[in-house]
Amino acid sequence: MANETRIMESPWDLTTYSWKVEADALNLFVKGLKDKKILGRKCTKCGTVYVPGTSYCRKCLIDIDQVVEVRPEGTLDAFTVNVSDIRGNPVEHPFITCTVKFDGSESLVMGTLEGWQDWHDVREGMRIKVVFKDVTTGALADLAYFQLI
Amino acid sequence: MKRNVAIISVGYNGRFVSKRPDVNIPELIEPAVTNALGKTKLKPDDIQAYVVGNMHTFEGVNGPHLWASDHFNGSGKPVMRVATGGTTGASVFQAAYYHVASGMYDVVMAIGWEKQDEGDSQVGLVGIVLPEAFTLFQFGPEMNTERGGVGGLGGGGSTGGASYQAMSYLSRAHAGIEHIDRIAALMRSNAAKNPYAHLQQPGCTEADIAKTPIITYPLRFGHTCPTSCGAVAMILVSESKAKKFGLTDRVAWVKGLGSGTSDPTTGNFVEGQITDPAEQHMCKVVAKKVYTMAGIKDPTKEIQVAEVYSGFSHQDLMWPERLGLVKEGKSPEMLDKGAFAIGGEMPINPSGGVTSTNAIGASAMVRVSEAALQVMGLAEGGHQIPMKVENAVAHGWGGLFQFVTVTLVGRTPVKS
């Protein structure tokens with residue numbers, strides 16, 4: 001007699017988990033966005049500026065609390081051209097998401113890139129500026145997009 | 001004082017494929033174990049300890065070794081499970097090495113596997129970043145997925161994350177998407193010469209790859225790894241046991257190994273990411289350390305072949321540079337002159353690599369097992385490189401782009 005085997009399927013409910021995550025850096029960041037400012041933190045030991053501003057220095061491993069404002073301009077680091085949405089459906093107009101480095105800061109911030117005609121002409125190292133929403137509410141979405149200068 | 005360790009046998013469960021509904025995890029592993037033992041005169045009872053591992057949560061089973069142990073004769077012996085994400089296989093191997101090098105055991109088996117048809121790998125991946133993603137959601141990010149926003153940042157799953165690294169690499173190396181197409185085609189045609197590889201495409205060309213749709217530029221469907229089911233088992237023994245077994249001829253000696261971590265990159269928004277994902281500084285640091293350990297002065301001349309862990313094809317160009325096998329930014333040029341092919345001067349992934357076969361928990365160990373087979377001269381089906389292999393390097397990669405392992409195997413042990 002052949003051995004009986006069965007296939008078992010079941011859903012996995014991820015909403016039953018709860019985590020403690022440090023939200024300090026984002027709190028500071030969105031507080032700044034409400035006033036159309038880019039806020040971060042600076043390490044008093046090595047001078048590294050983090051945006052969003054972490055509560056500790058990655059390099060020196062010490063607590064940092066010096067809040068600094070950086071100009072809403074910087075350079076384009078890496079980027080990708082999105083031709084589909086999160087479900088894999090093609091989008092009508094491809095869009096670029098990117099990481100940028102604000103002047104004087106060492107950390108990378110992700111967002112959408114605007115101000116280009118043909119994405120083949122977009123290059124790393126191009127200059128960008130932040131475009132805020134007209135009405136800011138203190139949310140990440142206040143940072144509407146990065147505009148090529 | 002550490003002891004020399006030899007790899008005396010490698011076993012696969014068979015050809016890696018996308019679906020194996022006919023077996024469960026222990027049944028998937030068992031043929032790999034039997035094959036590894038079958039190539040030696042060892043009996044199952046000769047194995048003193050096991051180090052095993054697979055990716056966490058991908059199959060939705062948290063401790064598969066708990067019910068797989070007695071199927072590989074682990075009952076009554078030490079069994080250690082190691083799970084370190086993408087580098088799992090390499091970490092398993094390195095832990096098995098430490099078992100022997102430390103003098104604790106003389107004969108140890110390392111097993112790595114993944115059975116991806118049992119779960120949803122992307123859900124498993126999401127589990128890694130879920131706390132951060134949920135935090136981000138609480139701060140009101142742009143939700144319009146049509147125009148960037150959260151959908152754009154997360155679009156394409158792991159491919160989306162890797163595309164930033166790909167773009168950054170292309171910019172640094174002054175290369176184009178055609179180079180990624182070309183290396184992807186080389187990997188798939190190499191895979192056709194490896195009887196255990198998953199995606200075997202004999203004579204695959206750049207044009208074949210270029211036909212596949214873009215997921216997020218510059219990465220196409222043809223540049224991404226498959227999700228595979230498969231298992232690999234390796235037997236590691238001490239130098240004295242190798243001599244006792246009369247096994248000093250066709251073995252691969254572990255000459256150097258190491259691992260390293262930088263800060264998590266790509267999308268690490270909450271913590272302020274400071275490292276470009278194409279930088280991979282730790283890969284350079286670890287490689288240098290490993291070569292020193294192995295007594296290698298010029299890796300470009302003294303290493304004949306490399307097996308690198310590349311979930312996405314641009315990495316097959318990036319890692320050889322970071323491992324010091326090729327000058328920085330020169331991989332596209334080396335590829336174009338045929339240096340990376342099986343008969344070239346620095347063959348990369350004669351096995352077809354991870355973009356052809358990716359059973360996650362096995363993948364980083366398969367890099368070591370394939371490097372070992374190249375040293376032993378036992379790579380089957382035409383993927384043995386024609387050059388005599390004195391040294392081969394195996395590389396593993398994982399985490400949020402920041403974990404790296406490097407293992408160097410060779411024909412002669414390091415004098416202790």
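That block above? That's the structure.
Criteria and cut-off values
The numbers attached to residues start from 1 for each chain and follow its sequence in the written order. To label them, take the chains in the order written and letter them from A, then take the ligands in the order written and number them from 1. In keeping with the model being predicted, local features are shown solely for residues with a pLDDT of at least 70 and side-chain atom pairs are shown and tallied solely at 80 or more, while totals for entire chains, interfaces and linings include all residues. Working from all heavy atoms in the structure, the side-chain values ignore hydrogens and water. Here a helix means four or more residues in a row that DSSP labels H or I, a strand means two or more in a row labelled E, and each is numbered from the N terminus. For this measure, only C-alpha atoms enter the radius of gyration; the expected value for a globule follows 2.2 Å times N^0.38, where N is the number of residues. Here the term buried applies to any residue with accessible area under 20% of the maximum for its type, exposed to any over 50%, and partly exposed to those in between, with areas from a 1.4 Å probe on protein chains only. His is not counted here, nor are the chain ends, while Lys and Arg score as positive and Asp and Glu score as negative. Throughout, a charge is located at the NZ atom of Lys, the CZ atom of Arg, the CG atom of Asp or the CD atom of Glu. Whether two strands pair depends on DSSP finding at least two bridges between them. Only heavy atoms matter for contacts: two residues are in contact if any of them lie within 4.5 Å across the pair. Orientation is described by lines fitted to C-alpha atoms, with helices fitted over the stretch in contact, and by angles between N-to-C directions that extend from 0 to 180 degrees.

1. Some remarks on the overall build of chain A
At step 1: A tally of helices and strands in chain A yields one helix and eight strands.
At step 2: When the helices and strands of chain A are read in sequence order from the N terminus, they spell out α-β-β-β-β-β-β-β-β.
At step 3: Compactness check: chain A gives a C-alpha radius of gyration of 21 Å against a globular reference of 15 Å for 149 residues, more than 25% above the reference.
At step 4: Per-residue burial over chain A gives 46% buried out of 149 residues.
At step 5: Each charge sign in chain A was given a centre, from 18 positive and 21 negative side chains, and these centres are 7 Å apart.

2. What about the sheet that holds strand E2 (residues 49-50) of chain A?
All names here are of chain A.
At step 1: On the basis of which strands lie adjacent, the open sheet formed by three strands has the order E2-E1-E3 and antiparallel pairing. A single partner strand is all that each edge strand has here, and the edge strands are E2 and strand E3 (66-70).
At step 2: Docked against the sheet, helix H1 (residues 24-34) engages strand E1 (38-42) and E3, running at close to 140° with respect to E1.

3. Some words on the environment of phenylalanine 245 of chain B
Residue and element names in this part refer to chain B.
At step 1: Within the secondary structure, phenylalanine 245 sits in the loop between helix H9 (239-244) and strand E8 (252-261).
At step 2: Among the residues examined, phenylalanine 245 registers a relative accessible area of 30% and is labelled partly exposed.
At step 3: Placed 203 residues apart in sequence, phenylalanine 245 and leucine 42 show a C-alpha to C-alpha distance of 9.2 Å.
At step 4: When sequence neighbours within four positions are dropped, the list of residues in contact with phenylalanine 245 reads Leu42, Val107 and Val237.

4. A few points about the sheet that holds strand E1 (residues 5-12) of chain B
All names here are of chain B.
At step 1: One open sheet accounts for nine strands, arranged E3-E2-E4-E7-E1-E8-E11-E10-E9; its pairing is mixed. Each of the sheet's edge strands pairs with one partner strand only, and the pair in question is strand E3 (79-81) and strand E9 (305-307). Between one strand and the next, the sheet's axes are offset by a mean angle of 25°, whatever the strand orientation.
At step 2: For E9 and strand E10 (residues 391-398), the ladder comprises three bridges, and the chain directions are parallel. By the bridge assignment for E10, alanine 306 is matched with valine 393.
At step 3: Against the sheet, helix H14 (residues 360-376) engages E1, strand E2 (49-53), strand E4 (107-115), strand E7 (229-238), E8, E9, E10 and strand E11 (403-410), with an angle of about 115° to E1.

Nothing here speaks to function; it is geometry throughout.
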